[in-house]
Amino acid sequence: MKKAFRILALSLVLVTLVAALASCGGPAKDPDDALAALKDNDYVAAEDKLIIPGALKLLGVDGIDSVVSGTATIDDKVEHVTIIYFEDKEAANEAWEDVEKYAEDNKKDDSDWIVKKSGAMIYYGTSAGITAAK
(Lines give C-alpha, C1' and ligand atoms only; values in the text may rest on other atoms or scores of the structure.)
Protein backbone atom coordinates (compact mmCIF):
# COMPACT_ATOMS: atom_id res chain seq x y z
CA MET A 1 0.00 0.00 0.00
CA LYS A 2 2.84 2.39 0.84
CA LYS A 3 4.50 1.67 -2.49
CA ALA A 4 1.28 2.42 -4.41
CA PHE A 5 0.86 5.67 -2.49
CA ARG A 6 4.44 6.72 -3.30
CA ILE A 7 3.95 5.98 -6.99
CA LEU A 8 0.70 7.96 -7.00
CA ALA A 9 2.36 10.89 -5.19
CA LEU A 10 5.30 10.88 -7.61
CA SER A 11 2.92 10.76 -10.58
CA LEU A 12 1.03 13.78 -9.28
CA VAL A 13 4.27 15.70 -8.81
CA LEU A 14 5.36 14.90 -12.37
CA VAL A 15 2.00 15.92 -13.85
CA THR A 16 2.14 19.20 -11.93
CA LEU A 17 5.70 19.83 -13.08
CA VAL A 18 4.81 19.20 -16.73
CA ALA A 19 1.82 21.55 -16.47
CA ALA A 20 3.97 24.25 -14.86
CA LEU A 21 6.65 23.98 -17.53
CA ALA A 22 4.08 24.09 -20.31
CA SER A 23 2.61 27.31 -18.96
CA CYS A 24 6.00 29.07 -18.77
CA GLY A 25 7.43 31.23 -21.46
CA GLY A 26 6.13 33.80 -23.83
CA PRO A 27 4.03 33.80 -26.94
CA ALA A 28 4.28 31.35 -29.82
CA LYS A 29 7.58 31.46 -31.68
CA ASP A 30 5.82 31.45 -35.06
CA PRO A 31 3.80 34.56 -36.05
CA ASP A 32 1.05 32.49 -37.68
CA ASP A 33 0.63 30.39 -34.52
CA ALA A 34 0.50 33.49 -32.30
CA LEU A 35 -2.06 35.14 -34.57
CA ALA A 36 -4.24 32.00 -34.59
CA ALA A 37 -3.98 31.65 -30.79
CA LEU A 38 -5.04 35.27 -30.26
CA LYS A 39 -8.02 34.89 -32.58
CA ASP A 40 -8.97 31.60 -30.86
CA ASN A 41 -8.97 33.52 -27.56
CA ASP A 42 -11.33 36.19 -28.96
CA TYR A 43 -8.69 38.88 -29.43
CA VAL A 44 -8.88 41.33 -32.29
CA ALA A 45 -5.52 40.50 -33.82
CA ALA A 46 -3.52 41.19 -36.94
CA GLU A 47 -0.08 40.81 -38.42
CA ASP A 48 1.60 44.15 -39.09
CA LYS A 49 4.47 44.54 -41.52
CA LEU A 50 4.17 48.32 -41.92
CA ILE A 51 3.06 50.51 -39.01
CA ILE A 52 4.96 49.25 -35.95
CA PRO A 53 7.98 48.14 -37.99
CA GLY A 54 8.01 51.61 -39.62
CA ALA A 55 7.86 53.37 -36.25
CA LEU A 56 10.69 51.20 -34.93
CA LYS A 57 12.70 51.76 -38.12
CA LEU A 58 12.61 55.49 -37.33
CA LEU A 59 14.21 54.61 -33.98
CA GLY A 60 16.99 52.74 -35.79
CA VAL A 61 15.62 49.22 -35.23
CA ASP A 62 16.43 46.89 -38.13
CA GLY A 63 15.92 43.20 -38.87
CA ILE A 64 12.19 42.99 -38.12
CA ASP A 65 10.49 40.07 -39.86
CA SER A 66 6.92 40.73 -38.71
CA VAL A 67 4.79 42.02 -35.84
CA VAL A 68 1.67 40.40 -34.38
CA SER A 69 -0.57 42.47 -32.16
CA GLY A 70 -3.83 41.69 -30.38
CA THR A 71 -6.28 43.40 -28.04
CA ALA A 72 -9.35 42.24 -26.13
CA THR A 73 -11.58 43.59 -23.38
CA ILE A 74 -11.98 41.03 -20.62
CA ASP A 75 -13.98 41.87 -17.48
CA ASP A 76 -13.87 45.59 -18.36
CA LYS A 77 -10.07 45.52 -18.62
CA VAL A 78 -8.20 46.01 -21.88
CA GLU A 79 -5.69 43.21 -22.47
CA HIS A 80 -3.01 43.66 -25.11
CA VAL A 81 0.08 42.01 -26.60
CA THR A 82 2.54 43.00 -29.29
CA ILE A 83 5.11 40.47 -30.50
CA ILE A 84 7.99 41.64 -32.68
CA TYR A 85 9.61 38.82 -34.62
CA PHE A 86 13.15 39.49 -35.81
CA GLU A 87 15.12 37.81 -38.58
CA ASP A 88 17.51 36.36 -36.00
CA LYS A 89 18.50 36.48 -32.33
CA GLU A 90 21.32 38.96 -32.97
CA ALA A 91 18.90 41.49 -34.49
CA ALA A 92 16.63 41.13 -31.44
CA ASN A 93 19.61 41.64 -29.11
CA GLU A 94 20.66 44.80 -30.97
CA ALA A 95 17.13 46.19 -30.89
CA TRP A 96 16.38 45.33 -27.24
CA GLU A 97 17.02 48.72 -25.61
CA ASP A 98 15.16 50.72 -28.27
CA VAL A 99 12.18 48.36 -28.31
CA GLU A 100 12.06 48.22 -24.50
CA LYS A 101 11.87 52.03 -24.37
CA TYR A 102 9.22 52.06 -27.14
CA ALA A 103 7.15 49.48 -25.24
CA GLU A 104 7.40 51.38 -21.96
CA ASP A 105 6.39 54.59 -23.73
CA ASN A 106 3.26 52.80 -25.03
CA LYS A 107 2.32 51.48 -21.59
CA LYS A 108 -1.24 52.34 -20.57
CA ASP A 109 -0.79 52.80 -16.80
CA ASP A 110 -1.00 49.06 -16.31
CA SER A 111 0.87 47.48 -13.41
CA ASP A 112 0.55 44.15 -15.23
CA TRP A 113 2.71 45.35 -18.19
CA ILE A 114 5.52 43.02 -19.25
CA VAL A 115 8.39 43.63 -21.69
CA LYS A 116 10.62 40.64 -22.48
CA LYS A 117 12.99 39.20 -25.05
CA SER A 118 13.11 35.54 -25.99
CA GLY A 119 15.33 34.31 -28.78
CA ALA A 120 14.50 36.20 -31.99
CA MET A 121 11.41 37.93 -30.60
CA ILE A 122 10.61 40.78 -28.25
CA TYR A 123 7.12 41.01 -26.79
CA TYR A 124 5.23 43.35 -24.53
CA GLY A 125 1.77 43.74 -23.10
CA THR A 126 -0.39 42.47 -20.26
CA SER A 127 0.19 39.00 -18.86
CA ALA A 128 -3.25 37.85 -20.07
CA GLY A 129 -2.48 39.11 -23.59
CA ILE A 130 0.86 37.33 -23.64
CA THR A 131 -0.73 34.11 -22.36
CA ALA A 132 -3.42 34.31 -25.04
CA ALA A 133 -0.73 34.33 -27.76
CA LYS A 134 0.69 30.92 -26.78
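The structure under discussion appears in the preceding block.
Residues numbered from 1 in each chain as written. Predicted model: local features only at pLDDT ≥ 70, side-chain atom pairs only at ≥ 80, totals over all residues. Heavy atoms only, no water.

1. A few points about unusual backbone geometry
Outside of glycine, negative phi angles account for most residues, and trans bonds account for most peptide bonds. Phi at Asp-42 takes a positive value of approximately 65°, unusual for a residue other than glycine. Among the structural elements, Asp-42 can be located in the loop between α2 (31-40) and β1 (44-48). Classification of Asp-42 by relative accessible area gives exposed; the value is 65%. Phi at Asp-75 is positive, roughly 50°, even though this residue is not glycine. Here Asp-75 lies in the loop between β2 (64-74) and β3 (77-86). (Helix = DSSP H or I, 4+ residues; strand = E, 2+ residues; numbered from the N terminus. Buried < 20%, exposed > 50% of the residue type's maximum accessible area, 1.4 Å probe, protein only.)

2. Focus: the sheet that holds β1
An order of β1-β2-β3-β5-β4 is seen for the five strands of this open sheet, with the pairing classed as antiparallel. Pairing within the sheet leaves two strands with one partner each, and these edge strands are β1 and β4 (113-118). Ignoring strand direction, the axes of neighbouring strands in this sheet form an average angle of 10°. Relative to β3, β2 runs antiparallel, the two sharing ten bridges. Bridge pairing in β3 links Thr-71 to His-80. (Pairing = 2+ DSSP bridges. Axes fitted to C-alpha atoms, helices over the stretch in contact; angles between N-to-C directions.)

3. Examining the pairing of β4
Examined bridge by bridge, β4 and strand β5 (residues 121-126) share six bridges and lie antiparallel to one another. Bridge pairing in β5 links Lys-117 to Ile-122. Between β4 and the antiparallel strand that follows it, β5, lie two residues; Gly-119 among them carries a positive phi value of about 60°.

4. Quick look at the pattern of salt bridges
Summed over the entire model, instances satisfying the criterion amount to four salt bridges. With its nearest N and O atoms 3.8 Å apart, the salt bridge here joins Lys-77 to Glu-79. The class of Lys-77 is partly exposed, set by a relative accessible area of 31%. Lys-77 is the partner of Asp-112 in a salt bridge, and the nearest nitrogen-oxygen pair spans 3.6 Å. Of this pair, Asp-112 sits in the loop between α4 (89-105) and β4 while Lys-77 is found in strand β3, placing the two residues 35 residues apart along the sequence. Each of Lys-77, Glu-79 and Asp-112 takes part in one network of salt bridges that share partners. (Salt bridge = Lys/Arg side-chain N within 4 Å of Asp/Glu carboxyl O.)

5. What about the packing of aromatic side chains?
For the structure on display, the rule yields one aromatic pair. Ring centres of Trp-113 and Tyr-124 lie 5.9 Å apart, and the angle between their planes is 45°; this geometry places the pair in the tilted category. Taken together, the residues Trp-113 in strand β4 and Tyr-124 in strand β5 connect sequence positions eleven residues apart. The burial state of Trp-113 is the same as that of Tyr-124; both residues are buried. (Phe/Tyr/Trp six-rings, centres within 6.5 Å; stacked < 30°, edge-to-face > 60°.)

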